[in-house]
Amino acid sequence: MLALDVRNLHKKYPDFQLKNVSFQLEQGYIMGFIGVNGAGKTTTIKSILNMLRIDGGEVYVFGRNMAEHETELKQQIGCAFGDVDFYTRSRLKTITDITKKFYRNWNEDIYANYLRRFKLDENKKIAELSSGMKVKYSLALALSHGAKLLILDEPTSGLDPVSRDDLLDLFQELIVDGEISILFSTHITSDLEKCADFITFIDDGQIVASAEKNEFVEAYRLVSGSEAQLGVIREELIAYKVNSFGFTGLIRTEDFDPSSDLRASMPTLEEIMIYFAKKESLYV
Amino acid sequence: MYNLVMKDLKLGINPWFFILPLLTAALMLIPAWIYVIVPLYFCFITIPNVFGGFKSQNDLMFSTLMPTTKKDMVKARITVIVLLELMHLLAAMLVSLFTLRLYPNIDYLFFAPHAGFWGLCWVMLGIFNIVLLPMYYKTAYKYGAAAAASNIAAVLFAMVAQGAAMMVPQVHAIFYGAGLDRTGLQLSILAAGILIFAALTLLAYRISVRRFLEVEIL
């Protein structure tokens, strides 16, 4: 079953637009949503959550149209935008007491468990929490109301390496029984190398690819060679960098001839992102 | 909707603004004062402060993340505003019963706090709402221009009503002369005022919902 089905989202701003954004997330998997700052990650997520008025397209959550069943579906969605930035002078206890009234399936025991696990003190004010603790608090709220789909916008961005690792372990733990699905946007691609099953890559408001992680990486090759070789292959490259030894560039695997003299290697997610961003800058 | 109202009451609005109606109502005990200022304090003080609180606390984001609809968000917020307006007016009306008995022989230059006067106050708050809310819900966070325009509208209405009562003989008779002894007439003006308040607020709600549905939560 599809936990999330995004179909042909369009959203036009004067200086930016989401164009035909489509991707699907199967229930029980983690999808990393990557792209550079300003690529359209948050716009897409806010469109999914009905926070923006889209110009076209549809979003289905567990098979039901989000626009038509927003209230009902939000009972099953947990979301976090970076860290908590509302009512920051209020105590966690106060925010929780208000929040839990909105959810039919609120589970006090699960909430208490996450408070212990994340070492969250309910008597602290949100402003007193570090960025990482704020993310953990958002997650504790989302998980305690029985959310089956977690939509997280850059949850790991403000975290130290240990907290990031801990959070990624938690994500993997959550999907073990196949009920919970996670879509999380990030520009820290190493997070995804560790825990994502699928990658959706957005660049300048368009989905470049949405595929299983290894399949996604295998679709590209990082090639390097001399400046003379660059002249031959330049048109096929997505983008390239010239250095004193020659060039290094990103190419689609289907466009790469393995019998050529070029040195080829598998790119990392970060390299794919960097070369796509470089391609954009070529046309600016 | 109920949860959103409770959220505003417990989290969004400082308890001070629920005490303020009692304090402003006490101003009704000042002999022959400009009593229309009493409900206007709600417009001058409570609304800008409460809306400023919602903005600085990023309430819009908090409410949006909850399983609610935009329509319910508007309905809940207007319910809370009307609740505060009711508190201000009812408290002032109650105290005014003592005012009339405490100073029976005083000369009122401005409106005396009879039922008819309170009818005008309800109309004034209705006008305040119809200007404030649709303007505010163009963004649901910018409140400066909406608060300024609605306050000006309410004050203008108060000035025109007071001016008419002073200068137009027929109106003067109702609020200063023989009309004060006609309980039926006074209560009718109060009832009409409440009806106009309800109609204007309902209209404000409808326009606000329509506008808020267009708002993007950034």
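Given the structure is predicted, the values throughout are model-derived calculations rather than measurements.

Draft legend 1. How the structure looks around the overall build of chain B. For chain B, the helix and strand inventory stands at 9 helices and 0 strands. Tracing chain B from N to C terminus, the helices and strands come up as α-α-α-α-α-α-α-α-α. By the compact-globule yardstick of 17 Å for 218 residues, chain B fits well, its C-alpha radius of gyration being 18 Å. Overall, chain B is about 60 × 30 × 25 Å in size when its C-alpha atoms are taken along their principal axes.

Draft legend 2. Layout of unusual backbone geometry. Positive phi, normally seen in glycine, also occurs at Glu-154 of chain A, with a value near 50°. Structurally, Glu-154 of chain A can be placed in the loop between β7 (149-153) and α6 (161-174). Positive phi, normally seen in glycine, also occurs at Asn-58 of chain B, with a value near 55°. By secondary structure assignment, the location of Asn-58 of chain B is in the loop between α3 (37-56) and α4 (59-65). Among the residues examined, Asn-58 of chain B registers 15 C-beta atoms within 10 Å and is labelled partly exposed.

Draft legend 3. Quick peek at the sheet that holds strand β1 (residues 2-12) of chain A. All names here are of chain A. Pairing is antiparallel in the open sheet, where 4 strands are placed in the order β2-β1-β4-β5. Whereas interior strands pair on both sides, the edge strands pair on one side only; in this sheet they are β2 (17-26) and β5 (64-65). On top of the sheet, helix α1 (residues 41-48) reaches β1, β2 and β4 (56-61); it is set at about 115° to β1, its chief contact.

Draft legend 4. Region of the structure containing the domain arrangement of chain A. Residue and element names in this part refer to chain A. Segmentation of chain A into domains returns domain 1 (2-215) and domain 2 (219-282). Between the C-alpha centres of domain 1 and domain 2 the distance comes to 33 Å. Facing the 11 residues of domain 1 at the interface are 8 residues of domain 2. At the level of elements, α7 (189-195), β9 (198-203) and β10 (206-212) are the ones that each hand at least two residues to the side of domain 1 that touches domain 2. When residues in the side of domain 1 that touches domain 2 are grouped by element, the largest group, 3 residues, is from α7. Residue composition of the side of domain 1 that touches domain 2, grouped by class: 6 nonpolar, 1 polar and 4 charged.

Draft legend 5. Quick peek at the interface of chain B and chain A. Between chain B and chain A, the contact holds 19 residues from the first and 18 residues from the second. Elements with a minimum of two residues in the side of chain B that touches chain A: α1 (2-12) and α4 of chain B. Looking at the side of chain B that touches chain A residue by residue, the class counts come to 8 nonpolar, 6 polar and 5 charged.

Draft legend 6. Representation of the packing of α3 of chain B against helix α6 (residues 115-136) of chain B within the structure. Residues and elements named next belong to chain B. α6 packs onto α3 with a crossing angle of 25° between their chain directions and a minimal axis gap of 11 Å. In terms of axis orientation, α3 runs roughly parallel to α6. Between α3 and α6 the crossing geometry is right-handed. For the pair α3 and α6, contact is made by Pro-39, Cys-43, Ile-47 and Phe-51 and by Cys-121, Met-124, Leu-125, Phe-128, Leu-132 and Tyr-136, respectively. Residue composition of the contact of α3 with α6, by class: 10 nonpolar, no polar and no charged.

Draft legend 7. Quick look at the nonpolar core. By size, the foremost hydrophobic cluster in this structure holds 75 residues, and its most contacted members are Cys-79, Leu-149, Leu-150, Ile-151, Ile-182, Leu-183 and Ile-199 of chain A. Looking at which element gives the most residues to this core, the answer is helix α5 (residues 131-144) of chain A, with 7 residues. For this core, the two domains that each supply at least three residues are domain 1 (2-215) and domain 2 (219-282) of chain A. Excluding residues that lie within four positions of it along the chain, Cys-79 of chain A makes contacts with Leu-49, Ala-142, Ile-151 and Leu-152 of chain A together with Leu-65 of chain B. Counting residues in hydrophobic clusters, the runner-up holds 58 residues, among them Leu-89, Val-131, Leu-132 and Ala-140 of chain B.

Draft legend 8. Fine view of the confidence of the model for chain B. All names here are of chain B. Scored by pLDDT, chain B comes out at a mean of 94, with 100% of its residues at no less than 70. Confidence scores differ between elements of chain B, with helix α8 (residues 169-175) showing the lowest mean pLDDT of 89 and α6 the highest of 96. Prediction confidence for the complex, expressed as pTM and ipTM, is 0.87 and 0.85 respectively.

Draft legend 9. Expanded view of the sheet that holds strand β11 (residues 220-225) of chain A. Residue and element names in this part refer to chain A. Spatially, β12-β13-β11-β14 is the arrangement adopted by the 4 strands of the open sheet, whose pairing is antiparallel. Only two strands of the sheet have a single neighbouring strand rather than two, namely β12 (237-243) and β14 (263-265). Across the sheet, the axes of successive neighbouring strands diverge by a mean angle of 20°, strand direction being ignored. For β12 and strand β13 (residues 246-252), the ladder comprises 6 bridges, and the chain directions are antiparallel. Looking at the pairing, Lys-241 lines up with Thr-248 of β13.

Draft legend 10. Region of the structure containing the pairing of β1 of chain A. All names here are of chain A. Bridge count between β1 and β2: 7 bridges; the pairing is antiparallel. By the bridge assignment, Leu-9 is partnered in β2 with Val-21. Joining the antiparallel neighbours β1 and β2 is a turn of 4 residues. Where β1 meets β4, 5 bridges bridge the pair, whose relative direction is antiparallel. Residue pairing in the sheet places Arg-7 in a bridge with Glu-58 of β4.

Parameters at a glance
Residues numbered from 1 in each chain as written. Chains lettered and ligands numbered in written order. Predicted model: local features only at pLDDT ≥ 70, side-chain atom pairs only at ≥ 80, totals over all residues. Helix = DSSP H or I, 4+ residues; strand = E, 2+ residues; numbered from the N terminus. Rg over C-alpha atoms; globule rule 2.2 N^0.38 Å. Buried ≥ 20, exposed ≤ 12 C-beta atoms within 10 Å, placed from the backbone. Pairing = 2+ DSSP bridges. Contact = placed C-beta atoms within 7 Å. Axes fitted to C-alpha atoms, helices over the stretch in contact; angles between N-to-C directions. Domains from an automatic or database assignment. Nonpolar A, V, L, I, M, F, W, Y, C, P; charged D, E, K, R; others polar. Parallel < 35°, antiparallel > 145°, perpendicular 65-115°, else oblique. Left-handed = near helix turned anticlockwise from the far one by under 90°. Core = buried A, V, L, I, M, F, W, Y, C linked by C-beta atoms within 7 Å. pLDDT = per-residue confidence, 0-100.

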